[in-house]
Amino acid sequence: MPFEPAVETVECDVLVVGGGMAGCGAAFEAANWARGRGLRVVLVEKAAIERSGAVAMGLSAINMYMGMQWGENTPEDFVRYVRQDLMGLSREDLVYDLARHVDSSVHMFEEWGLPIFKNEDGHYKREGRWQIMIHGESYKPIVAEAAKNALGEGNLYERVFVAHPLLDADDPTRIAGVVGFSVRDYKVIVFKAKAVISAGGGATGVYRPRAQGEGLGRIWYAPWNTGSAYAMQIRAGAKMTQMEHRLVVARFKDGYGPVGMWFLLFKSQLKNSLGQIAEEYRTHELEEWAPYGTAKPVPTPLRNHLMLNEIKEGLGPHYLRTDEALQRMFMEVQNDAKKIAEIESDAWEDFLDMTMSQAHIWASQNIDPAKTPSELILTEPYLMGSHASATGAWCSGPEDVAPDGYHWGYNRMTTVKGLFAAGDACGASAHKFSSGSYTEGRLAGKAAVQYVLDNNDVRIDQGAADDTIRALYKPFNTYGEHQHETSRSDLNAHYILPKMALHRIQKIMDEYAAGPGNYYMTNGPTLERGLELMQYFREDCEHLAARDLHDLLRCWEVWDRVDSAEACLRHMLFREETRWPGYYYRGDFPKLDEQNWKVFVNSRRDPKSGEWELEKVPFATKIT
Amino acid sequence: MPTFVHVEKCDGCRALAQPACMYICPNDLMSLDVSIGKGFNQEPDLCWECYSCVKTCPQGAIEMRGYADVMPMGSRVTPLRGTDSIMWAIQYRNGEIKRFKYPIRTTAWGSIDSTLGEPDPPEAGLRTQELIGEPKYLHIDALPTVNA
């Protein structure tokens, strides 16, 4: 007898899927606009929102703050910065929209209790032009408290993993809800909703991390961001954009601690083993990528590119000279013991607020940053839309800023009616970070309320819901049917457990889709071969097995990575140029091609046939 | 550096509906071994060392040990989180100890008014570009637009 879960149904008007920064912003804003209108806003999260999402462990900086009140920056300034860092391709209407609103979110955070560093004049202390420094250990619990209060009792579902969208029975281009399962009880929940906000994190663990044993989870971006937002969008038939634009960053080796403060505020220098600074002596390699390579600041992928060229030439290891920077700073304060202690405290807080393992690495290797430099390394790639990369759904922009064709009724709505996106889930608008993701959640939350007021009738396809419920529990039944056939429950010809499935997708992506194992290099035939192997893997995922609810969660996280990874492979294959060297290279198209490829790559997977269609979408902007 | 549980300190949070570590872990790693009534990390190789469980454990029973395949042994990084600040003790492999204290919150826990003290927003507001609390919370006179 197949094992069947209990089924619960939850009805609401706006459903927020994912309770990280974007999801908390969406819940806060939607709940506020729902006030007095009799609308129900529900948030569903696979963990506990007090510590969920990429900001769970804290942050030491807010990387997107304009400072419009002090005339520090305008939204147009920010758009021009992002344009340069992304090497030309951004949805500038979306970027502008975040920039003009983001300060209000940060001011709310401060009012709610987030401690922000201040200068003597009362202005926020800048780490760089866009970054402000915070004491952010409790950033997420504070933001979660505001979301919980806004939602009210009974509207927060924690430890529920959302695995599939449900489309409208009468209009398959419209969302009608989602199906998820409890990670604590043997129960499946059908959420019926008039609008759904996709606010999950990006996709990590798609590529093979540098540590493969106990350190498998020590990656730069949160290991619980498993591509669930992208998978739900893809399964709903939403158009995806820029899924080839994955992120690689240079970070402190093995702990992946942040480098922003060291570079921007402390003016530390990155040097190769000969003591050289790549940006100073390899300028000819930047000129090949004009106009972006010859402008400042040097785009993130090009900085990676220089470092990678040095690694290939055997010029590693690369050391960030924390020692030289701190000794210079100590001199500047005349070696005043109290001031030196303050500098040291700030330096350590940068790690202790957000990457404690990097502090642990310093302690384990007896590294005093004032005496010993620290190694930097390039990470494996991550799919994410909130940092210096732009994977995600193709979304409607704000009416007053969006060029023709970039606006279809509701801000941040995907091409599926009623399905909105924010944070990592919304594509082609990078550099939003924590505050911008929260702000984008707010924009989507408000628009979703408007959508619900305009579009009130929706009906789920009950047959599809029933099929989904059965499919969700299939890994239990696969395990139950075959587990006693062998003398080891983890070794069986009829199934694979989710940990080995995770290793398999990481191997395919690293070897065929420009992972660090190949110095981020691939080409058309290699990507085609990767797609063949991914197809076998997709078929084998039908044989995933779960021993318990934790395994079931991991099984569906693997499935979400499969859909995200396949989108990435197909987009990389479609874009016949190398736009972001240092993120990835097409060996068969090794150059930037502004004439033919300064366009967005959009894709759609037909939910019924599973066929993918890819297209070029022209770049347009109203911002000079 | 995966978390591990000191069995002599952990009481399985018997007074709570579920162990605090199990409630908080963002990656569903902390679980309860019902046979001994103790918490444990069920998948240490997917631990991000976010310290959420370490900070929340009422018994101070959870600690980190550096990833065996990455880090030398012998160091310890230990937090003590209060209501308005957190203290960190860093013990080096060579025995040296550093201590730091940082603020974490300037207001009382539970004090957030998520309405921003504003009345129910009028429906006409939905048709504008302004979010709740704007333009007041922008600290400028009006929301910018490209057509201004």
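Throughout this document, residue positions are counted from 1 along each chain, in the order its sequence is written. By the order in which they are written, chains take letters starting at A while ligands take numbers starting at 1. In view of the model being predicted, local features appear only for residues whose pLDDT reaches at least 70, and side-chain atom pairs are presented and counted only at 80 or more, with totals across whole chains, interfaces and linings using the full set of residues.

Novice: What exactly am I supposed to notice about the overall build of chain B here?
Specialist: The helix and strand inventory of chain B stands at two helices and seven strands. With C-alpha atoms as the basis for the radius of gyration, the globule rule is written as 2.2 Å multiplied by the number of residues raised to the power 0.38. Here the C-alpha atoms of chain B give a radius of gyration of 22 Å, more than 25% beyond the 15 Å that 2.2 N^0.38 yields for 148 residues. Seen along its three principal axes, the alpha-carbon backbone of chain B occupies a region of about 60 × 40 × 30 Å. A pair of residues counts as a contact when their C-beta atoms, built from backbone coordinates, are separated by no more than 7 Å. Excluding contacts between residues fewer than 6 apart, the proportion of contacts in chain B whose partners are at least 24 apart in sequence is 43%. Counting from the N terminus, the helices are DSSP H or I runs at least four residues long and the strands are E runs at least two residues long.

Novice: I tried to follow the interface of chain A and chain B on my own but got confused; where do I start?
Specialist: Much of the literature gives interface size as the accessible area that the parts lose upon coming together. Across the boundary between the two partners, chain A contributes 70 residues, which contact 63 residues of chain B. Breaking the side of chain A that touches chain B down by element, the ones donating at least two residues are helix H1 (21-34), helix H3 (92-112), helix H4 (139-151), helix H11 (337-352), helix H12 (356-364), helix H13 (433-454) and helix H18 (549-574) of chain A. Broken down by element, the side of chain A that touches chain B gets its largest block of residues, eight residues, from H3 of chain A. Here the nonpolar group is Ala, Val, Leu, Ile, Met, Phe, Trp, Tyr, Cys and Pro; Asp, Glu, Lys and Arg are the charged ones; every other residue, Gly included, is treated as polar. Residue composition of the side of chain A that touches chain B, grouped by class: 32 nonpolar, 22 polar and 16 charged.

Novice: Looking at this structure, how should I read the environment of Ala567 of chain A?
Specialist: Residue and element names in this part refer to chain A. Examined against the element boundaries, Ala567 turns out to sit in helix H18. The exposure label follows from counting other C-beta atoms within 10 Å of a residue's C-beta, where the C-beta atoms are placed from the backbone and the thresholds are 20 or more for buried and 12 or fewer for exposed, leaving partly exposed in between. A count of 26 C-beta atoms within 10 Å places Ala567 in the buried class. Once residues within four sequence positions are removed from consideration, Ala567 is found in contact with Tyr230, Ile234, Met240, Met243 and Ser603.

Novice: Looking at this structure, I do not really get the domain arrangement of chain B. What am I missing?
Specialist: As used throughout, domain bounds are those supplied by an automatic or database domain assignment. The domain architecture assigned to chain B consists of domain 1 (1-70), domain 2 (72-110) and domain 3 (113-148). Placing the centre of domain 1 of chain B and that of domain 3 of chain B at their C-alpha centroids yields a distance of 43 Å.

Novice: I would appreciate a short explanation of the nonpolar core in the present structure.
Specialist: Within soluble globular proteins, side chains that are nonpolar tend to cluster in buried spots. Residue and element names in this part refer to chain A. Grouped together as the largest cluster of nonpolar side chains are 249 residues, with contacts concentrated most on Val14, Leu15, Ala27, Ala30, Ala147, Ile197 and Ala448. Per element, the largest residue contribution to this core is 13 residues, and it comes from H18. In this view, Leu15 contacts Val42, Val44, Val178, Phe191, Ala193 and Val196; residues no more than four positions away in its chain are not counted. To form a nonpolar core, buried Ala, Val, Leu, Ile, Met, Phe, Trp, Tyr and Cys residues must be joined through C-beta atoms within 7 Å.

Novice: Looking at this structure, I do not really get the sheet that holds strand E11 (residues 270-271) of chain A. What am I missing?
Specialist: Hydrogen bonds between backbone groups are what pair the strands of a sheet, and the pairing can be parallel or antiparallel. Residues and elements named next belong to chain A. Here, strands pair whenever DSSP counts at least two bridges between them. Taken together, four strands build an open sheet; the order of strands is E10-E13-E12-E11 and the sheet is antiparallel. Both outer strands of the open sheet, strand E10 (250-252) and E11, are each paired with one neighbouring strand and no more. As defined by bridge partners, E11 adjoins strand E12 (residues 318-320) across two bridges and the pair is classed as antiparallel. Residue Leu270 lies in a different strand from E12, and its bridge partner there is Leu320.

Novice: Sorry, what's going on with the domain arrangement of chain A here?
Specialist: All names here are of chain A. Split by domain assignment, chain A resolves into domain 1 (1-248 + 382-607) and domain 2 (250-378). The straight-line distance from the C-alpha centre of domain 1 to that of domain 2 is 30 Å. Listed per partner, the contact involves 28 residues of domain 1 and 25 residues of domain 2. Going through the elements one at a time, strand E3 (59-62), helix H2 (75-85) and strand E4 (132-136) are the ones with two or more residues in the side of domain 1 that touches domain 2. Per element, the largest residue contribution to the side of domain 1 that touches domain 2 is three residues, and it comes from E3. Residues belonging to the side of domain 1 that touches domain 2 are distributed by class as follows: 15 nonpolar, nine polar and four charged.

Novice: I would appreciate a short explanation of unusual backbone geometry in the present structure.
Specialist: Generally, phi is negative for residues other than glycine and the peptide bonds are trans, each holding for most cases. Residue Pro291 of chain A is bonded to the preceding Ala290 of chain A through a cis peptide linkage, with omega at 5°. Along the chain, the position of Pro291 of chain A falls in the loop between helix H8 (283-287) and helix H9 (300-312). Positive phi values are uncommon outside glycine, yet Glu49 of chain B reaches one of about 50°. Here Glu49 of chain B shows up in the loop between strand E3 (38-41) and helix H2 (52-56). The phi angle at Leu116 of chain B is positive, at roughly 60°, despite the residue not being glycine. One can find Leu116 of chain B in the segment after strand E7 (97-103). On the basis of neighbour counts, which here come to 18 C-beta atoms within 10 Å, the residue Leu116 of chain B falls in the partly exposed class.

Novice: Hey, could you run me through the packing of helix H16 (residues 498-512) of chain A against helix H17 (residues 524-540) of chain A in this one?
Specialist: When two helices pack together, their arrangement is given by the angle between the helix axes and the distance between those axes. Residues and elements named next belong to chain A. Viewed as axis vectors pointing N to C, H16 and H17 meet at an angle of 170°, and their least axial separation amounts to 9 Å. Comparing the axis directions of H16 and H17 gives the class roughly antiparallel. Between H16, through Arg504, Ile505, Ile508 and Tyr512, and H17, the contact on the second element is made entirely by Thr526, Leu527, Arg529, Gly530, Leu533, Met534 and Phe537. Grouping the amino acids of the contact of H16 with H17 by side-chain chemistry returns seven nonpolar, two polar and two charged. Here the axes come from fitting lines to C-alpha atoms, over the contacting stretch only for helices, and the angles between their N-to-C directions go from 0 to 180 degrees. Roughly parallel refers to an angle under 35 degrees, roughly antiparallel to one over 145, roughly perpendicular to one between 65 and 115, and oblique to any angle outside these ranges.

Novice: Please clarify how H16 of chain A should be interpreted in this entry.
Specialist: At 3.6 residues per turn, the α-helix brings residues three or four places apart onto the same side. Residue and element names in this part refer to chain A. To estimate the expected span of a helix, count its residues, drop one, and scale the result by 1.5 Å. Relative to the 21 Å expected for 15 residues at 1.5 Å per residue, H16 spans 21 Å between its end C-alpha atoms, a close match to the ideal helical length. Along H16, the residues that are buried comprise Pro498, Ala501, Leu502, Ile505, Gln506, Ile508, Met509, Asp510 and Tyr512. Note on H16: the residue one or two positions beyond its end, Ala514, has a positive phi of about 65°.

Novice: Where do I start with H3 of chain A in this structure?
Specialist: Residue and element names in this part refer to chain A. Spanning 21 residues, H3 covers 30 Å between terminal C-alpha atoms, matching the ideal 30 Å at 1.5 Å per step. We define the bend at each residue as the angle formed by axes fitted to the 7 residues ending at it and the 7 residues starting at it. Along H3, the sharpest change in direction is near 40° and occurs at His101. Most of H3 is tucked away, with 18 of its 21 residues classed as buried. Where H3 terminates, the next one or two residues include Gly113, which has phi positive at roughly 130°.

Novice: How should the packing of H11 of chain A against H12 of chain A be read in this particular structure?
Specialist: Residues and elements named next belong to chain A. In the contact formed by H11 and H12, the axes pass within 6 Å of each other and the chain directions differ by 125°. Between H11 and H12, the crossing angle belongs to the class labelled oblique. On H12, the residues touching Trp348, Phe351 and Leu352 of H11 are Met356, Gln358 and Ala359. Residues belonging to the contact of H11 with H12 are distributed by class as follows: five nonpolar, one polar and no charged.

Novice: Hey, could you run me through the confidence of the model for chain B in this one?
Specialist: Known as pLDDT, the predictor's confidence for each residue is given on a scale from 0 to 100. On average, residues of chain B score 95 in pLDDT, and 98% of them are at 70 or above. Predicted complex, confidence summary: ipTM 0.98, pTM 0.98.

Novice: Looking at this structure, how should I read the environment of Met57 of chain A?
Specialist: The topology assignment puts Met57 of chain A in the loop between strand E2 (41-44) and E3. Residues Met57 of chain A and Ile189 of chain A, spaced 132 residues apart in sequence, show a C-alpha to C-alpha distance of 29 Å. Leaving out residues up to four positions away in the same chain, Met57 of chain A has contacts with Met354 of chain A together with Cys50, Tyr51 and Ser52 of chain B.

Novice: For this particular structure, what's the right way to read the pairing of strand E18 (residues 599-605) of chain A?
Specialist: Put simply, side chains in a regular strand alternate between the two faces of the sheet. Residue and element names in this part refer to chain A. Within E18, six of the seven residues are buried, which leaves it mostly tucked inside the rest of the structure. In this structure, strand E9 (residues 240-241) lies alongside E18, joined through two bridges in antiparallel fashion. Note on E18: the bridge partner recorded for Thr241 is Asn602. In this sheet, strand E19 (residues 612-618) lies alongside E18 in antiparallel orientation, the contact comprising seven bridges. Each bridged residue has a counterpart across the sheet, and for Asn602 the counterpart in E19 is Glu615. Hairpin connection from E18 to E19: six residues lie between these consecutive antiparallel strands, with Gly610 at a positive phi of about 80°.

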